[in-house]
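# Analysis of the macromolecular model
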Amino acid sequence: MASKLWEKNVQVDGDVEAYTVGLDRELDLLLAPHDVIGSLAHITMLQSIGLLTADELDVLTRELRDIHRLTLDPSFVIEPGIEDIHSQVELMLTRRLGDVGKKIHSGRSRNDQVLVDLKLYIREQIERVTAAMQRLFDVLIAQSDTYADVIIPGYTHLQVAMPSSFGLWFGAYAESLVDDLTVLAAAYEVADRNPLGSAAGYGSSFPLDRDMTTRLLGFRSVNVNAVYAQMGRGKTERIVAQAIASVAATVGRLAMDACMFSSQNFGFLKLPDEFTTGSSIMPHKKNPDVFELTRAKCNKLQALPVEITMIVNNLPSGYFRDLQLVKESFLPAFDAIVSILDMTARMLSGVRVNRHAADDPRYELMYSVEEVNRRVLQGQPFRDAYREVGLAIERGEFRRPSRVDHTHVGSIGNLCNDRIRALWDDVRSRMDFSRAHAAINSLLGISE
Ligand code: ARG
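Summary of the structure given here. (Residues numbered from 1 in each chain as written. Predicted model: local features only at pLDDT ≥ 70, side-chain atom pairs only at ≥ 80, totals over all residues. Heavy atoms only, no water.)

### Some points on the overall build of the chain
To be explicit about the condition: In this description a helix means any DSSP run of H or I spanning at least four residues, a strand means any run of E spanning at least two, and both kinds are numbered starting from the N terminus. Atoms counted for the radius of gyration: C-alpha only. Globule rule: 2.2 Å times the number of residues to the power 0.38. Accessible area is worked out with a 1.4 Å probe on protein chains only. A residue is then buried under 20% of its type maximum, exposed over 50%, and partly exposed in between. Note that His is not counted, nor are the chain ends; the positive residues are Lys and Arg, and the negative ones are Asp and Glu. Here the site of a charge means NZ on Lys, CZ on Arg, CG on Asp, or CD on Glu.
Looking only at helices and strands, one finds 16 helices and 6 strands in the chain. Relative to its length of 448 residues, the chain is extended, with a C-alpha radius of gyration of 28 Å against a globular reference of 22 Å. Here the C-alpha coordinates of the chain stretch approximately 95 × 50 × 45 Å along the principal axes. Within the span of the chain, comprising 448 residues, buried residues form 49% of the whole. Distance from the positive charge centre (49 side chains) to the negative charge centre (59 side chains) of the chain: 3 Å.

This is the structure:
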């Protein structure tokens, strides 16, 4: 049999084939289980509209469930000469079942197949990213609570400014993750619509029951318009990439702080030796390479939405092979962000905090505003207090006040981490992965 789903009597040039298939034979492995799940929904629907008999559906379902199991095994491959996962699954079915296997492609195209595969993959991967974000969030809140009272200087313009604390610092990144999760939840909602049935991008003359496949796959809704369903390719990936980029921006910034704070010139943080790397020439070095790589990886992820935009920008409506290229950088982005989140959680759980960093006299002046405010509370007008303290500083007579007393919401003395956690829980509770799980288990015949 021809190795292409579309090959008739002319064999395609070998170089053209290699060029057009590109990395699909490896990358599509990530989509493999989802491709089978999409097919399970599609054939169930085909039987309901009379395009398959009940017996055919039975045997196809049984074989597809078995193929699904194989796709999860590390030994699963797209065979040499086979273009992509869609062709591989159909080939396996046809080898096992003969003509019945050839019936499943009625009413669909690889264009809507890959669309639905991507959406199922995205749903699964966003759930994974959410769990990794949760792990880092928990570490950040725990560390914020533990080091709530440890004062460090806060900076503006990288100049010593006002007292801050490790309670504030850790908690700030926890709250940043809340906003990132909000964006990720929105991206999930965009991905949670069913493109199946849009076929090549213009629908089908078969009376496809698209609401049925939507239900079977546990999508929140259908992508209604067939042309728009196809236009969602590239757009969905960009939106999801923007959410990943948002998480990466948070963690990249944290990594930069951590590099700086662990420099001897700051000395606020110290990584345990086993988390640092050495130098081949300088025997004393213990470098924060993990945070440096995290910073660079996070920057790379922030380039992803731009990269996707550059691939798909100004494509007219309809399918184009350009879209295939999006998979190359998009699919691996999930592993990248999950490993970044997990490594950061690990580093921050082990990090040692210098409880006495702020005792260094070079930070004395960060208390200048405390002193101004102390005078204002005793009745002195702000501008006079400001001036007097300023002059005292210039004369070298400034002495820090004995206590730092910040009480408002979100300040050193009143972190309100419980409120940050409540914000997290609120966003998280609006993300519902259970509909997707239940639908897929049911397609696979797994009872919960
Ligand atoms: N590998 C292709 C992609 O990712 C699958 C769809 C192929 N469709 C086509 N009309 N050539 O876009």
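Structure shown, so let's carry the discussion forward.
### Section: a nonpolar patch on the surface
This is how it is decided: Each patch is built from residues lacking any salt bridge and having more than 30% relative accessible area; the joining distance is 9 Å for like charges and 5 Å for nonpolar side chains (Val, Leu, Ile, Met, Phe, Trp, Tyr). Here, Shrake-Rupley sampling with a 1.4 Å probe gives the accessible areas, and only protein chains in the shown set may cover a residue. Salt bridges, as used here, are contacts in which a Lys or Arg side-chain nitrogen is within 4 Å of a carboxyl oxygen on Asp or Glu.
A cluster of nonpolar side chains, namely Val376, Phe382 and Tyr386, defines an oily patch on the protein surface of about 270 Å² accessible area. Structurally, the position occupied by Val376 is in helix H13 (residues 368-377). Overall, Val376 belongs to the partly exposed group, its relative accessible area being 30%.

### Section: the packing of helix H7 (residues 166-191) against helix H15 (residues 417-429)
To keep it simple, the criterion reads: An axis is simply a line fitted to the C-alpha atoms; with a helix, the fit covers only the stretch in contact. Between two such axes, the angle follows the N-to-C directions and lies from 0 to 180 degrees. By definition in this entry, angles of less than 35 degrees are roughly parallel, angles greater than 145 are roughly antiparallel, angles of 65 to 115 are roughly perpendicular, and the rest are oblique. Should the near helix be turned counterclockwise from the far one by less than a right angle, the crossing is left-handed, whereas a clockwise turn marks it as right-handed. Any two residues whose heavy atoms approach within 4.5 Å at even a single point are treated as in contact. Throughout this entry, Asp, Glu, Lys and Arg are counted as charged residues, while Ala, Val, Leu, Ile, Met, Phe, Trp, Tyr, Cys and Pro are counted as nonpolar. The remaining residues, Gly among them, count as polar.
One can describe the packing of H7 onto H15 by two numbers: an axis separation of 9 Å at closest approach and a directional angle of 15°. Looking at the two axes, H7 sits roughly parallel to H15. Pair H7 / H15 crosses with left-handed handedness. Residues Gly171, Ala174, Glu175, Leu177, Val178, Leu181, Thr182 and Ala185 of H7 touch H15, and the partners they reach there are Asn417, Ile420, Leu423, Trp424, Val427 and Arg428. When grouped by side-chain class, the residues that make up the contact of H7 with H15 number 9 nonpolar, 3 polar and 2 charged.

### Some remarks on the site of the ligand
Our working definition: Think of it this way: one heavy atom of a residue within 4 Å of a molecule or strand is enough to make that residue near it. The term polar contact refers here to a pair of N or O atoms within 3.5 Å; inside protein, the definition further demands a hydrogen-donor-capable atom paired with an acceptor-capable atom, and it admits residues adjacent in sequence only when both atoms are side-chain atoms.
Around the ligand sit Asp24, Arg110, Asn111, Arg233, Tyr319, Gln324 and Lys327, and those are all the residues in its vicinity. Separating a nitrogen atom of the ligand from a side-chain N or O atom of Asn111 is a distance of 2.9 Å. Within the contact set of the ligand, a nitrogen atom lies 2.9 Å away from a side-chain nitrogen or oxygen of Gln324. For the ligand, the accessible surface in isolation is 340 Å², of which the surrounding protein chains cover 86%. Across the shell around the ligand, the residue classes break down as 1 nonpolar, 2 polar and 4 charged.

### Details of H7
The periodicity of an α-helix, 3.6 residues per turn, causes residues three or four places apart in sequence to face the same way. How we decide: What a helix is expected to span follows from its residue count: subtract one and scale by 1.5 Å.
The end-to-end C-alpha separation of H7 is 37 Å, in line with the 38 Å expected for 26 residues at 1.5 Å each. Of the residues that open H7, the one with a side-chain oxygen 3.3 Å from the backbone nitrogen of Gly167 is Ser165.

### Observations concerning the packing of aromatic side chains
The test is simple: Pairing of aromatic rings covers Phe, Tyr and Trp, the last through its six-membered ring, and needs centres within 6.5 Å; plane angles under 30 degrees mean stacked, over 60 mean edge-to-face, and all others mean tilted.
One pass over the full model with this rule turns up 17 aromatic pairs. When the ring of Phe166 is compared with that of Phe170, the centres are 5.8 Å apart and the planes differ by 40°; the resulting orientation is tilted. Within this pair, Phe166 and its partner Phe170 are both found in helix H7, separated by 4 residues, close to a single helical turn. What makes Phe166 buried here is its relative accessible area of 0%. Under the relative-accessibility criterion, Phe170 is labelled buried at 0%. When the centroid spacing of 5.6 Å and the interplanar angle of 70° are considered together, the rings of Trp169 and Tyr173 count as edge-to-face. Linking Trp169 with Tyr173, this pair stays in helix H7, spanning 4 residues, or about one helical turn.

### Comments concerning the pairing of strand E1 (residues 151-156)
The condition that has to hold: Strands were regarded as paired on the criterion that DSSP finds at least two bridges between them.
In this structure, E1 lies alongside strand E2 (residues 159-165), joined through 6 bridges in antiparallel fashion. Across the sheet, residue Gly154 finds its bridge partner in E2, namely Met162.

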